[in-house]
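Structural overview
Below are the chains, spelled out letter by letter.
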Amino acid sequence: MSVIEHADDLPAWAALAVSFFLVVGAGLTLIGTIGFARLPSFYERIHAPTLGTSWGTGGIVMASMIFFTVLATRPVVHEILIGIFVTVTTPVTLMLLARAALHRDRAEGNPEVPAEAPLTREAEGQPAAGE
Amino acid sequence: MSHTILAWSVTIAQVFLAIAMALAALRMFRGPRAQDRVLALDTLYVNSMLLLMVFGMRTGRVIYFEASLVIGMLGFVATVALAKFLMRGEVIE
Amino acid sequence: MLPYPLLSASLVIMWLALNGFTLGHLILGCIVSVFASWGMAALRPVKPHLPKWYLLPKLIGIVLYDILRSNLAVASILITGGRRKHKSGFITVPLDLENPTALAVLAVVITSTPGTAWLEYNSLSKTVLIHVLDLVDEAEWQVLIKTRYEALLMEIFK
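Residues numbered from 1 in each chain as written. Chains lettered and ligands numbered in written order. Predicted model: local features only at pLDDT ≥ 70, side-chain atom pairs only at ≥ 80, totals over all residues. Heavy atoms only, no water.

This paragraph deals with the packing of aromatic side chains. Each aromatic ring pair is summarised here by two numbers: the centre-to-centre distance and the angle between the ring planes. Summed over the entire model, instances satisfying the criterion amount to 9 aromatic pairs over all chains. On the numbers, 5.5 Å between centres and 65 degrees between planes, the contact of Phe20 of chain A with Phe21 of chain A is edge-to-face. Here a set of aromatic residues connected by ring pairs shows up, and it is made of Phe42 and Tyr43 of chain A together with Phe90 of chain C. (Phe/Tyr/Trp six-rings, centres within 6.5 Å; stacked < 30°, edge-to-face > 60°.)

The UniProt record annotates "transmembrane region" (unreviewed entry) at residues 12–38 of chain C. Split by type, residues 12–38 of chain C is 89% helix and 0% strand. Its first and last C-alpha atoms lie 14 Å apart. (UniProt positions renumbered as here; feature names shortened; annotations may be inferred. Helix = DSSP H or I, 4+ residues; strand = E, 2+ residues; numbered from the N terminus.)

Looking now at the interface of chain A and chain B. Counting residues at the interface gives 60 residues for chain A and 56 residues for chain B. Inspection of the region where chain A meets chain B yields 2 salt bridges. Here Asp105 of chain A makes a salt bridge to Arg33 of chain B, at a shortest N to O gap of 2.8 Å. Elements that contribute at least two residues to the side of chain A that touches chain B include exactly helix 1 (12–38), helix 2 (42–45), helix 3 (49–71) and helix 4 (77–108) of chain A. (Contact = heavy atoms within 4.5 Å. Salt bridge = Lys/Arg side-chain N within 4 Å of Asp/Glu carboxyl O.)

Glancing now at the pairing of strand 2 (residues 116–122) of chain C. All names here are of chain C. Buried residues dominate strand 2, accounting for 6 of its 7 residues. Pairing geometry for strand 2 and strand 3 (residues 127–132), over 6 bridges, is antiparallel. Its bridge partner being in strand 3, Tyr121 is matched across the sheet by Val128. In sequence, strand 2 turns back onto strand 3 through a hairpin of 4 residues, with Lys126 there showing a positive phi of about 55 degrees. (Buried < 20%, exposed > 50% of the residue type's maximum accessible area, 1.4 Å probe, protein only. Pairing = 2+ DSSP bridges.)

This part is about the environment of Val54 of chain B. With respect to the secondary-structure elements, Val54 of chain B resides in helix 2 (residues 34–59). Overall, the relative accessible area of 0% leaves Val54 of chain B in the buried class. Each C-alpha atom, one on Val54 of chain B and one on Ala13 of chain B, is 7.5 Å from the other, the two residues being 41 residues apart in sequence. Every residue in contact with Val54 of chain B, bar those within four places of it in the chain, is listed here: Leu22 and Ile60 of chain A together with Val10, Ala13, Gln14 and Leu17 of chain B.

What follows is the structure in structure tokens.
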């Protein structure tokens, strides 16, 4: 086990805080992915990765921000960008995937999925408000 | 002392994220349906972003963070395109 | 020339922060931001009207706290997995929100909270289909979403 050389100037409290956030972030991501591998149906599985993309990413971004701010080697722009990027994009991909899955399940007549709400067929000609 | 803890926790985080990537890859192979595989690919992308960030902290080089941003951007576009394909490509409307 | 001055300015600042401050990068960043704001103008997005923008930090605080709490809840469900049986299911929530931007914010909030996923909004019946991982009581979830998020969003996007 080699100690990280470029972090020799890091004070003890910062090292402990960085360690805490790193392990919590990575641990939450791992728990989410374990759930992703174990849960039985697609709609349950769609909840599991959000653990990694909310506070999993948050923890690691926080650890990295403390690390590089205390060491003062570089400004922490990338971490903030990565955090914002993951927070904004994950809901979009999950919603699109969920809609695609609903669409496919309904097209196959899967009984476990709620039926399409009435009146949407007539609504196609009208402007949709929230899509 | 605290630096030993830091070194260990960086290693632990790397191992956790590597296991998480392996589990996501497992789900991608097992499926059972196309949407599960796409969701697994998306999880794999996010986990690899996080792993690259931990690598960046270990080496102290900024290039890992840039690689992480690029992976995130490509992963987002790929997942959106695949989800669109699932919605329009296979099911006859 | 600059239809979105705030967007252009933040793009230039981000460009300089990522690449380091030199004259060349300043010029390049300005060119990129001008073209990006033209591209944004070509999309013709609806400009959201926020009369009560000062309530946004409150919303962000509530959402961050809820995400932290549901992270722990979902993590405990996933760890105890087989032993404690959880029941997941679909719920339908009627909404009074109509502003598209507010609906988009609500969708992002609900999806990024572990344990709930926004599936589909029906603009005609004004209901949304949500999947909940640990569903105990449907009415409880409806009240939670309506009082905790929707009321605040209605106030922000009047």
